[in-house]
Amino acid sequence: MSVKGYMIDVQGTLIDDATRRPIPGSVEALERLRADGTPFVLVTNNTKHESAAFADYLGSLGFRFAKGQYLDPLMVLEKTVPPSRVAAYGSQAFVEVLEKRGYTLDFEAPEAVLVAIKPDFTNDEYARMIELVLGGAKLVGMHETSTYVKQGRRYPGVGAILKMVSFATGHGYEVVGKPSLPFYAEALRLLEAQGVSEGFEAVEIVSDDLIGDLAGAKALGMRTALVLSGKVSSLSEVPETKCAIADRVANDIGVLFGVRARRSA
């Protein structure tokens, strides 16, 4: 079946992890889809800013998209964890967003341990997560990224942390954003509103996260495109057993869609 619509990652795919600016060719790639009338939805792991604010920021960078072409974990969080007592681990901005949404911070007897990303997790925090999960709290990740890039180095992502705590406790976990089925199902609903009617098999997802995004998408029947502009910079970094996850590989999204970055004036 031919591709009828696209799910497009943001961090590492459209914007650079370090500079937070557009990756060359990314604005033009989105414009190509818009010009062709091709359905697409941006699927980002944003948890540090209110959804509307982050969507506006992407717009300020030159990315043009409609309200129904953007999705992040905060937009579907309440389906997995309604406002309640949570032990929230992540950046201060993430914690503040949760509090604005009616969640109560509780590191003694929370209903859920909610994990997002931040650059400086400590062993004490990991130990507390383990204790709380053993005490009955539900373990939930805002997404399941494989790695987190900071200043050119790669650190364990939320997915790696979830697996560590799960292994330590013997308890499972849930994921709000990518690559959970509910998140991808909501993204598919947004594509269906744009005219895609053939299900996941008619969708291609573009991302820099082979394990955290593409593996789960491929299991649902989506086509997968890996860009080497973020977490993975060379196929030599990918274990041979994982290479088949990506149906296509390109240096960046501009190359993937055959467009060139505009030259600065």
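Going by the structure above, here's the rest.
Residues numbered from 1 in each chain as written. Predicted model: local features only at pLDDT ≥ 70, side-chain atom pairs only at ≥ 80, totals over all residues. Heavy atoms only, no water.

Enquirer: Just give me the short version of the overall build of the protein, but keep the residues and values in it.
Expert: Along its length, the protein carries nine helices and 13 strands. Radius of gyration (C-alpha) of the protein: 18 Å, near the 18 Å computed for a compact globule of 265 residues. Seen through its principal axes, the protein has C-alpha atoms that stretch 55 × 40 × 40 Å. Across the protein, every contact between residues at least 6 apart in sequence was considered, and the portion connecting residues at least 24 apart equals 66%. About 12100 Å² of surface is accessible on the protein, with carbon and sulfur atoms providing 51% of the total. Computing the positive centroid from 29 side-chain charges and the negative centroid from 33, the protein places the two 5 Å apart. (Helix = DSSP H or I, 4+ residues; strand = E, 2+ residues; numbered from the N terminus. Rg over C-alpha atoms; globule rule 2.2 N^0.38 Å. Contact = heavy atoms within 4.5 Å. Areas by Shrake-Rupley, 256 points an atom, 1.4 Å probe, with all protein chains shown as cover. Lys, Arg positive; Asp, Glu negative; His and termini not counted. Charge placed at Lys NZ, Arg CZ, Asp CG, Glu CD.)

Enquirer: Residue-level account of the sheet that holds strand β7 (residues 138-141), with values.
Expert: If you trace the five strands from one edge of the open sheet to the other, you get β5-β4-β6-β7-β10, paired in parallel fashion. The open sheet is flanked by β5 (104-105) and β10 (174-175), the only strands paired with a single partner. Bridge analysis of strand β4 (residues 85-89) against β5 gives two bridges, and the strand direction is parallel. Its bridge partner being in β5, V86 is matched across the sheet by L105. In the packing of helix α5 (residues 123-134) onto the sheet, contacts are made with β4, β6 (112-115) and β7, and the angle to β4 comes to roughly 155°. Strands β6, β7 and β10 of the sheet are contacted by helix α6 (residues 158-169), whose axis makes an angle of about 165° with β7. (Pairing = 2+ DSSP bridges. Axes fitted to C-alpha atoms, helices over the stretch in contact; angles between N-to-C directions.)

Enquirer: Kindly report on the packing of α5 against α6, identifying the contributing residues and their values.
Expert: At a minimum axis distance of 10 Å, the contact between α5 and α6 shows a crossing angle of 55°. One finds that α5 runs oblique with respect to α6. α6 is crossed by α5, and the crossing has right-handed handedness. The segment α5 lies against α6, with Y126, M129, I130, V133 and L134 engaging I161, M164, V165, A168 and T169. Grouping the constituent residues of the contact of α5 with α6 by class yields nine nonpolar, one polar and no charged. (Parallel < 35°, antiparallel > 145°, perpendicular 65-115°, else oblique. Left-handed = near helix turned anticlockwise from the far one by under 90°. Nonpolar A, V, L, I, M, F, W, Y, C, P; charged D, E, K, R; others polar.)

Enquirer: Quick one: what's the story with the sheet that holds strand β2 (residues 40-43), residue by residue and with numbers?
Expert: In spatial order, the strands read β3-β2-β1-β11-β12-β13; together these six strands make up an open sheet with parallel pairing. Each of the sheet's edge strands pairs with one partner strand only, and the pair in question is β3 (70-71) and β13 (248-250). In this sheet, strand β11 (residues 203-207) lies alongside strand β1 (residues 5-8) in parallel orientation, the contact comprising four bridges. Bridging from a neighbouring strand, I8 pairs with V206 of β11. Sheet contacts for helix α7 (residues 181-192): β1, β2, β3 and β11; angle to β2, the most-contacted strand, approximately 150°.

Enquirer: Please give an account of the packing of aromatic side chains that cites residues and values.
Expert: Under the counting rule described, the total for this entry stands at six aromatic pairs. For the pair Y89 and F107, a centre-to-centre distance of 5.5 Å together with 85° between the ring planes defines the contact as edge-to-face. Pair noted here: Y89 is in strand β4 and F107 is in the loop between β5 and β6, with a separation of 18 residues, a long-range link. Residue classification places F107 among the partly exposed residues on the basis of a relative accessible area of 32%. (Phe/Tyr/Trp six-rings, centres within 6.5 Å; stacked < 30°, edge-to-face > 60°. Buried < 20%, exposed > 50% of the residue type's maximum accessible area, 1.4 Å probe, protein only.)

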